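Letter by letter, the chains look like this.
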Amino acid sequence: MNGEVRPSMSASSSATSAFSFISKGWRDVRDSADADLQLMRARANSFKNLANSFDRELENFINSASTSFTVGSLGSYSTPTEIDFVKKLQPKISEFRRVYSAPEISKRVLEKWGPSAKLGIDLSAIRNAIVEDIDGGDGVMEMDKVRRRRRSVRLSECFKGGEGGENQGQFGDWEPIRVLKRRFRELEKKSESVEIFGSFKNSEFVEKLKSSLKAMREPQELKEVPPLDVPELLAYFVRQSEPFLDQLGVRKDICDKIVESLCSKRKNQLLLNTFSPGESSLFDGENVNDELDLRIASVLQSTGHCYEGGFLTDVSKNNLSDGKRHVAIVTTASLPWMTGTAVNPLFRAAYLAKSEKQKVTLLVPWLCQSDQELVYPNSLTFSSPEEQESYIRNWLEDRTGFKSNFKISFYPGKFSKERRSILPAGDTSQFISSNDADIAILEEPEHLNWYHHGKRWTDKFNHVVGVVHTNYLEYIKREKNGALQAFFVKHINNWVTRAYCHKVLRLSAATQDLPKSVICNVHGVNPKFLKIGEKIAADRELGQQAFSKGAYFLGKLVWAKGYKELIDLLAKHKSELDGFKLDVFGNGEDAHEVQNAAKRLDLNVNFLKGRDHADDSLHGYKVFINPSVSDVLCTATAEALAMGKFVVCADHPSNEFFRSFPNCLTYTTSEDFVARVREALENEPQPLTSEQKYHLSWEAATQRFMQYSELDKVLNDSQGDAKLTKPNGKRIGKSVSLPNISEMVDGGLAFAHYCLTGNEFLRLSTGAIPGTRDYNQQHCKDLHLLPPQVENPIYGW
């Protein structure tokens with residue numbers, strides 16, 4: 001029995017399901033039809049409202065026309081005629097309103113609604129009334145009739161009959177602007193024979209109408225630009241290849257001559273083809289490079305081509321949501337390590353943020369506890385980034401005298417004992433959010449990017465500036481196989497700075513000559529040292545003894561800081577400098593060797609523990625001696641000059657900035673060294689002038705930085721695009737129009753560097769710290785980061 005019942009139940013269930021499916025389908029069809037009908041009704045009502053709105057606009061038009069015709073000198077002649085004209089026109093308008101406001105209009109719309117249906121408005125009655133009124137005169141065309149004729153022509157053309165018949169207008173086929181312009185010109189030509197047209201042409205109404213037509217004029221056809229020829233392409237190729245040719249020994253002036261020669265061959269033809277006789281010439285001799293850019297940009301613009309960037313270049317930079325620019329300063333060291341790359345970027349961040357024109361973030365390395373014990377002096381360590389940030393801000397506020405409102409962030413770092421420096425661990429750029437990725441300042445760009453395996457700085461940031469602090473080649477040459485190492489490091493530095501920076505600032509000519517670089521001292525002096533100098537000058541004016549001690553040297557106790565040169569000079573002229581005593585302040589890895597060398601030569605040198613240069617115990621020294629030739633720009637030398645002391649230093653490019661100060665005594669030979677030391681000990685230094693103080697200040701350094709890094713232009717240019725000016729005064733974009741070979745090469749170098757630094761074997765073979773491609777677990781704990789496996793999955797580079 002069960003076998004007979006189950007089929008019946010199954011059939012009943014299937015029938016019920018089928019009925020339910022059909023019912024649901026019918027409900028869907030009905031709902032869809034209702035929705036369509038509602039939409040059609042809404043469209044019909046919308047059209048009816050449009051007709052009413054047009055009725056009101058037309059009535060306003062007639063009223064405004066009658067008002068404008070009665071002003072000025074024409075009022076006494078046109079008023080009666082206008083009244084009759086309006087009276088004749090009003091019945092036609094009423095009839096138009098009655099017909100197209102009727103309820104049947106919705107029904108007619110629904111009946112004619114379709115994909116190809118076209119609905120018109122019959123304005124022939126109004127048109128005929130206007131035309132008859134104008135043509136029915138006595139042969140004398142008065143001023144108001146001329147105006148009404150113009151309006152009648154405009155109305156008849158705007159609402160002319162279309163495909164549906166003579167009296168059926170079509171909204172979809174309107175060409176009001178073009179028709180209005182053509183009829184306006186025809187009317188002016190026909191009316192030239194009318195005697196009264198002269199005054200009509202100068203009327204206020206016509207002038208306003210002409211000005212509106214000018215605003216709506218059609219775009220002019222682009223002037224045909226002749227295509228580029230072979231000499232122009234070769235000239236641009238040579239111009240863009242200047243950095244590469246420079247590496248091959250081809251000087252820039254030779255490249256410029258080649259470009260000028262190639263461009264001069266086409267000068268006459270370009271003058272004839274590109275510009276009209278009234279425009280200036282294409283090549284002005286001195287501006288041949290800019291004119292070549294203009295020529296190529298004009299050709300590309302005429303074709304509609306828009307260049308999207310070089311090899312692997314991301315041109316979609318971040319747009320600022322808050323309207324304020326962001327500056328991120330990334331450095332390789334941090335307080336309490338008293339080194340130049342820790343102190344100077346800190347002051348730069350403070351003084352850039354002081355203007356409050358842009359937001360500033362200082363990004364410094366965070367070291368784990370074990371590395372902090374190796375780097376920071378006096379066994380000073382921090383348990384958290386917040387604790388170290390508090391120390392940094394207190395130190396800075398004590399020296400500047402004002403509170404800084406910039407942000408301090410940390411990125412993972414590891415200390416290398418062999419290189420005695422901190423190297424980034426992981427992708428440093430990821431610790432600047434995309435919202436703040438606008439302008440980047442890389443303090444020591446070569447150092448930051450030796451093993452950088454992450455997003456390209458110039459892709460993430462709109463403008464990237466590198467500041468070179470250290471003469472790495474000079475340090476490396478002192479090591480074993482130094483010449484060979486220096487050869488490779490020189491080319492690697494060229495590689496990474498070119499690939500990751502838009503602009504490079506070298507503090508002095510003592511640094512390596514890098515691509516895209518200029519020389520300028522963009523460092524200042526701690527304001528505390530200037531105040532010390534002012535106090536010493538005030539004491540001297542009161543007749544008090546300002547300097548009670550002789551000579552000293554302050555610097556990290558490593559051979560590369562100038563201790564070898566100092567010991568050699570003192571040993572060679574030991575007899576001439578009899579009775580001369582030198583105090584040395586410093587700590588460092590080579591302290592034991594340096595002290596033993598001085599003791600072995602029986603030199604009158606007293607080694608003391610390192611201390612802050614602003615310490616009270618150092619104020620009484622009169623002469624600061626710095627024989628180092630490995631420095632780029634010695635901060636201690638600038639501080640000694642700010643305190644009003646004599647400085648005896650080598651005649652070296654690193655000291656070029658200090659030569660203008662009268663208290664700076666330079667020497668070229670060891671005999672000159674002895675003479676300068678005696679001169680300093682026997683005389684009194686001159687007080688600094690106001691101008692000299694300003695040159696040493698951070699305010700002046702910040703101004704120089706803004707100028708030479710082109711940061712002032714970037715901050716003032718929200719677009720960030722370079723512009724070129726045509727001879728006729730028009731401006732065209734350059735940055736997105738010109739394919740730049742140099743940028744393509746830079747992108748290729750960046751991609752190759754990214755691939756190489758992703759290989760652990762290659763990293764270790766070039767001196768990287770093991771495991772620094774990503775940060776470690778301790779960094780994750782200290783900085784509250786996600787594990788590197790989550791940030792950088794194993795299946796992706």
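See the structure above.
Along each chain, numbering runs from 1 in the same order as the chain's sequence is written. pLDDT decides what is reported in this predicted model: residues at 70 or higher carry local features, side-chain atom pairs at 80 or more are listed and counted, and totals for whole chains, interfaces and linings draw on all residues regardless. By convention in this description, side-chain values take in all heavy atoms of the structure and omit both hydrogens and water.

## A look at the sheet that holds strand 4 (residues 421–424)
So, step 1. In this scheme, strands are said to pair when DSSP sees at least two bridges between them. Only runs of H or I of at least four residues qualify as helices and only runs of E of at least two qualify as strands under DSSP, and these elements are numbered from the N terminus. Spatially, the 8 strands line up as an open sheet ordered 4-3-2-1-5-6-7-8, and their pairing is mixed. With partners counted over all chains shown, the strands left at the sheet margins are strand 4 and strand 8 (517–519), one partner each. Between one strand axis and the next, the sheet turns by 30° as a mean value, whatever way the strands run.
So, step 2. In terms of strand pairing, strand 2 (residues 358–366) meets strand 3 (residues 407–416) through 6 bridges, oriented parallel. What sits directly across from L362, in strand 3, is I408.
So, step 3. Note on definitions: a residue-residue contact is assigned when non-hydrogen atoms from the two residues lie within 4.5 Å. The convention used is that axes are lines fitted to C-alpha atoms, helices contributing only their stretch in contact, and that angles between N-to-C directions extend from 0 to 180 degrees. Across the sheet, helix 16 (residues 385–400) lies against strand 2 and strand 3, angled at about 110° from strand 3, the strand it touches most.

## Section: the pairing of strand 11 (residues 605–608)
So, step 1. Examined bridge by bridge, strand 10 (residues 582–585) and strand 11 share 4 bridges and lie parallel to one another. Paired with L582 across the bridge in strand 11 is V605.

## Here we look at the environment of N663
So, step 1. Among the secondary structure elements, N663 is positioned in the loop between strand 13 (646–650) and strand 14 (664–667).
So, step 2. For the pair N663 and F646, spaced 17 residues apart in sequence, the C-alpha separation works out to 4.9 Å.
So, step 3. Once residues within four sequence positions are removed from consideration, N663 is found in contact with L641, G644, K645, F646, V647, P685 and Q686.

## Section: the side chain of S670
So, step 1. Relative to the assigned elements, S670 resides in helix 25 (residues 670–682).
So, step 2. Setting aside residues up to four positions removed in sequence, S670 forms contacts with L569, K572 and H573.

## Here we look at the side chain of H452
So, step 1. As for its position among the elements, H452 is in the loop between helix 17 (445–449) and helix 18 (457–460).
So, step 2. When accessible area is computed with a 1.4 Å probe and restricted to protein chains, residues below 20% of their type maximum are described as buried, those above 50% as exposed, and intermediate ones as partly exposed. Assessed through its relative accessible area of 2%, H452 is described here as buried.
So, step 3. Among residues more than four places away in sequence, those in contact with H452 are D427, T428, S429, W457, Y500, H753 and T757.

## Considerations on helix 14 (residues 340–354)
So, step 1. A rise of 1.5 Å per residue sets the reference length of helix 14, with its 15 residues, at 21 Å; its end C-alpha atoms lie 21 Å apart and thus fit the reference within 8%.
So, step 2. Trailing helix 14 by a residue or two, E356 shows a phi angle of about 60°, which is positive. How far a helix is expected to stretch is found by multiplying one less than its residue total by 1.5 Å.

## Observations concerning the packing of helix 14 against helix 27 (residues 698–708)
Each pair of packed helices gets described by two things: the angle between the helix axes and the distance between those axes.
So, step 1. At a closest axis distance of 10 Å, the pairing of helix 14 and helix 27 adopts a crossing angle of 80°. As far as their axial angle goes, helix 27 and helix 14 are roughly perpendicular. In this structure, helix 14 uses N344, F347, R348, Y351, L352 and K354 to contact helix 27, whose residues at the interface are W698, E699, T702, F705 and M706.
So, step 2. Note that Gly is not counted as nonpolar here; it falls among the polar residues with everything else outside the nonpolar set of Ala, Val, Leu, Ile, Met, Phe, Trp, Tyr, Cys and Pro and the charged set of Asp, Glu, Lys and Arg. Tallied by class, the residues present in the contact of helix 14 with helix 27 amount to 6 nonpolar, 2 polar and 3 charged. Put simply, angles under 35 degrees are roughly parallel, angles over 145 are roughly antiparallel, angles from 65 to 115 are roughly perpendicular, and the rest are oblique.

## Describing the pattern of salt bridges
So, step 1. Criterion for a salt bridge: a side-chain nitrogen of Lys or Arg within 4 Å of a carboxyl oxygen of Asp or Glu. Summed over all chains, the structure comprises 22 salt bridges.
So, step 2. D438 serves as the salt-bridge partner of R325, at 2.6 Å between the closest nitrogen and oxygen. Linking R325 in strand 1 (residues 325–330) with D438 in the loop between strand 4 and strand 5 (439–443), this pair joins segments that are 113 residues apart in sequence.
So, step 3. Residue classification places D438 among the buried residues on the basis of a relative accessible area of 0%.
So, step 4. K516 is the partner of D746 in a salt bridge, and the nearest nitrogen-oxygen pair spans 3.0 Å. Taken together, the residues D746 in helix 29 (residues 741–757) and K516 in the loop between strand 7 (503–506) and strand 8 connect sequence positions 230 residues apart.
So, step 5. Salt bridges linked by common partners bring D398, R399, K528 and D612 together as one network.

## Let's talk about the environment of Q595
So, step 1. Along the chain, Q595 turns up in helix 23 (residues 591–600).
So, step 2. The spacing of Q595 and V605 is 10 residues in sequence and 8.8 Å in space, taken between C-alpha atoms.
So, step 3. When residues no more than four places from it in sequence are discounted, the contact partners of Q595 are L557 and F607.

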